[in-house]
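Working through the structure, step by step
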Amino acid sequence: QGMASAVILLNAIFIGYKANHELGVQAYGDPEAGWVALVEVLFLLFFLGELIVRGVAERILFFFGSEWKWNLFDSLLVSEMLVDRIMSINDGHLDLPSFSLGRMLRLARFIRLMRLTRVVRNLTSLRLLVFTILDSFSSLLWCFVALVFIIYVF
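Here's a quick rundown of the structure. (Residues numbered from 1 in each chain as written. Predicted model: local features only at pLDDT ≥ 70, side-chain atom pairs only at ≥ 80, totals over all residues. Heavy atoms only, no water.)

Things to note about the overall build of the chain
Of the regular secondary structure elements, the chain holds eight helices and zero strands. Ordered by position from N to C terminus, the α and β elements of the chain give α-α-α-α-α-α-α-α. Across the 154 residues that make up the chain, the buried fraction comes to 27%. Of all intrachain contacts in the chain linking residues separated by at least 6 positions in sequence, the fraction that spans at least 24 positions is 68%. Of the accessible surface of the chain, which amounts to about 11100 Å², a share of 73% is contributed by carbon and sulfur atoms. (Helix = DSSP H or I, 4+ residues; strand = E, 2+ residues; numbered from the N terminus. Buried < 20%, exposed > 50% of the residue type's maximum accessible area, 1.4 Å probe, protein only. Contact = heavy atoms within 4.5 Å. Areas by Shrake-Rupley, 256 points an atom, 1.4 Å probe, with all protein chains shown as cover.)

A closer look at the packing of aromatic side chains
Going through the model one piece at a time under the given rule, you end up with six aromatic pairs. Centre to centre, the rings of Phe-46 and Phe-47 are 5.6 Å apart; their planes meet at 70°, and the pair counts as edge-to-face. Look at Phe-46 and you get partly exposed, because its relative accessible area is 25%. Site record: aromatic cluster; members linked through ring pairs are Phe-14, Phe-43, Phe-46 and Phe-47. (Phe/Tyr/Trp six-rings, centres within 6.5 Å; stacked < 30°, edge-to-face > 60°.)

Here it is in structure tokens:
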């Protein structure tokens, strides 16, 4: 579980780097780095292997156990990664409506970041801190309203 969490964090960092790299290639004509595709394949193989190992170990509980929603989510993400990899190998030369499929795949890449919620779930002190900050936003809003009112009056 700890190793999978570390790989999920590394994948999230890599997704950010890859988005920045693709922007540089598209907008500024930066040269493409071949190692980016290799690292993406390595992440795909790791997540696919983890999914297969969990499926074999849990058997029927993989689909009906307490973690079935996470397993379904991970299965969808790995399937999306596989389709994205196949599309990039073919350079989009499939007879599909590539404009809408391409947009959906780009959106799904960023949905992969939702996998981080599984990691955060294990870090209880960080979760407590984040939820405390989020819960204090309503009080912070009223503080700003009071400050604006005081500044406006005086």
